[in-house]
Amino acid sequence: MDENLAQHDVINKSIDIINYERKKNIKKVGYIRYNSSDEIGGNLSFSVAMLNDENTGIILTNIHMMEGSSIYLREVSAGECEITLSEEEKEVLKNTINK
């Protein structure tokens, strides 16, 4: 009987670890496409938010311009970003948090 209880404890601890680690996985993804300027059409710029259950993750933004493209990475912690976000980044973050 003691052996069964010990195995049961091991299994419960393993489940707790899996559940804790699972919270870190990306669960919510959202994106928005847009034009970076009035001169460029096709919605070639975009922002993608990838968050876990605790609304921690990243926002990846690509700004397409005539001269080329620039890509930016923003870290998000508990739904907040230390760097000032563009309107599009704010929108995709808000929409992704609310999924």
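Up top you'll find the structure we're talking about.
Residues numbered from 1 in each chain as written. Predicted model: local features only at pLDDT ≥ 70, side-chain atom pairs only at ≥ 80, totals over all residues. Heavy atoms only, no water.

**Student:** Which parts of the structure should I look at to understand the overall build of the chain?
**Tutor:** When helices and strands are tallied, the chain shows two helices and four strands. Rg of the C-alpha trace for the chain: 20 Å, well past the compact-globule value of 13 Å for 99 residues, more than 25% over. Here the C-alpha coordinates of the chain stretch approximately 75 × 20 × 20 Å along the principal axes. By residue count, 26% of the 99 residues in the chain fall in the buried class. For the chain, long-range pairs separated by at least 24 residues make up 39% of all intrachain contacts whose partners lie at least 6 apart in sequence. Side chains of the chain carry 11 positive and 17 negative charges; the gap between the two charge centres is 4 Å. (Helix = DSSP H or I, 4+ residues; strand = E, 2+ residues; numbered from the N terminus. Rg over C-alpha atoms; globule rule 2.2 N^0.38 Å. Buried < 20%, exposed > 50% of the residue type's maximum accessible area, 1.4 Å probe, protein only. Contact = heavy atoms within 4.5 Å. Lys, Arg positive; Asp, Glu negative; His and termini not counted. Charge placed at Lys NZ, Arg CZ, Asp CG, Glu CD.)

**Student:** Even after reading the chapter, I still don't get the environment of Asn12, so can you show me in this structure?
**Tutor:** Here Asn12 lies in helix H1 (residues 2-22). Once the C-alpha coordinates of Asn12 and Lys28 are considered, the two residues, 16 residues apart in sequence, prove to be 27 Å apart.

**Student:** I'm lost on the pattern of salt bridges in this one. Help?
**Tutor:** Opposite charge on two side chains permits pairing when their charged atoms draw close. Following the criterion strictly, the structure yields four salt bridges and no others. Of the charged contacts, one joins Glu21 and Lys24 as a salt bridge, the two residues approaching to 3.5 Å between their closest N and O atoms. Judged by its relative accessible area of 44%, Lys24 falls in the partly exposed class. For Glu87, the salt bridge identified is with Lys90, shortest N-O distance 3.5 Å. (Salt bridge = Lys/Arg side-chain N within 4 Å of Asp/Glu carboxyl O.)

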